[in-house]
Amino acid sequence: MKHISVIGSGTMGNGIAHVFAQKGYQVSLIDLNQDALERAIGTISKNLDRQVSKELISEEEKNQALANIKTFTKLNDGVADADLVVEAATENVKVKLDIFRELDSICAEKTILATNTSSISITKIGAVTSRPNKVIGMHFMNPVPVMKLVEVIRGYATSDEVTSRIMELSSNLGKSPVEVNDYPGFVANRILMPMINEAIYTLYEGVAGIEEIDTVMKLGMAHPMGPLQLADFIGLDVCLSILRVLHDGFGNPKYAPCPLLINMVEAGYMGAKSGEGFYKYVKGSKELVVSERFKK
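Throughout, residues of each chain are indexed from 1 in the direction in which the sequence is written. Side-chain atom pairs in this predicted model are given and counted only at pLDDT of 80 or more, local residue features only at pLDDT of at least 70, and totals for whole chains, interfaces and linings cover all residues. Side-chain calculation: all heavy atoms of the structure are included, whereas hydrogens and water are not.

Undergrad: Which parts of the structure should I look at to understand the pairing of strand β1 (residues 3–7)?
TA: If a strand is regular, its side chains alternate between the two faces of the sheet. Relative accessibility under 20% of the residue-type maximum defines a buried residue, over 50% an exposed one, and the middle range a partly exposed one, all with a 1.4 Å probe and only protein chains included. Strands here are runs of E lasting at least two residues and helices are runs of H or I lasting at least four, both read from the DSSP assignment and numbered beginning at the N terminus. Here β1 lies mainly inside the structure; five of its five residues are buried. On β1, burial covers both faces: His3, Ser5 and Ile7 on one face and Ile4 and Val6 on the other are all buried. When β1 meets strand β2 (residues 26–30), the two strands line up parallel, connected through five bridges. The partner of Ile4 across the bridge, within β2, is Val27. For the segment spanning β1, helix α1 (residues 11–22) and β2, crossover handedness is right-handed. As paired elements, β1 and strand β4 (residues 84–87) share four bridges and run parallel to each other. Pairing of Ser5 across the sheet is with Val85, part of β4. Here the rule is simple: two strands pair whenever DSSP picks up at least two bridges between them. When the strands point away from the viewer and the path from the first strand over the helix to the second turns clockwise, the crossover is right-handed.

Undergrad: Explain the sheet that holds strand β7 (residues 149–154) here, please?
TA: Sheet strands pair via backbone hydrogen bonds, and the direction of the pair is either parallel or antiparallel. The strand order across the open sheet formed by eight strands is β3-β2-β1-β4-β5-β6-β7-β8, and the pairing between neighbours is mixed. Every interior strand has two partners, whereas the edge strands, β3 (69–72) and β8 (176–181), have only one. Strand-to-strand twist across the sheet, computed as the mean angle between neighbouring axes with direction ignored, equals 25 degrees. With respect to the sheet, helix α5 (residues 93–106) is in contact with β1, β4, β5 (112–115) and β6 (135–140), its orientation differing from that of β5 by roughly 170 degrees. Every axis corresponds to a line fitted to the C-alpha atoms, with the helix fit spanning only the stretch in contact, and the corresponding angles, defined between N-to-C directions, vary from 0 to 180 degrees. Contact definition: two residues touch when any of their heavy atoms are within 4.5 Å.

Take a look at the structure:
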């Protein structure tokens, strides 16, 4: 594989483009919004600068990585000769199915189609294409340039050959791939999201405050950040979406999202990306401040 196309230039998309470009792959980064593409390149450049300052890469390697990325606002232009397409669009079933239908119609027969979905069925996505054997999940962790794990999710029809190639490719990126089967939430989010949801219920039911809940998990369980801070970092809307996939997929009430989470998302409090969730975020400040809404 030499040419990788990445669809979506948001947090995950630009991180995926970054790691492929840094390892010498030719990357086409695709987004309908030109401004979003420019912001993505700025973010990638900034993150590469950080690696240079830490002496993880050289200035020359940084410049080569940036040169390996080309941007496109039209899907057809960016995927025409791709060996692999990695979709990193919004976590929405309809959006992803529409993208994969279109990819299937315009990509070469050889092209493997991967999705960075954190919970949506690979089998369902593959079923809208004529190549379900070449559809697979590549669930990178955020921040992509730093986190080692890639969940490689094989759908019901994904071939052994495609799975093997994606496992090898992930290793070539310096990642640690883990092969899992296609069930709601896969492994990471099937375990993580109920924990986050339970932390929100613990707050909702008045057992303890935000800082207290996060402190217990950080100091008692050696988590690098508490579950409520992590929920803000992931995006409360994303957490809600994944919990709904789990709830719908298993039909088990233990996955039902907490009413507090639903209310916060409906009110527009999405976490770090919206400026406020359980904590309040001020640009340029790293201080962790509990949202006024939750102060006693």
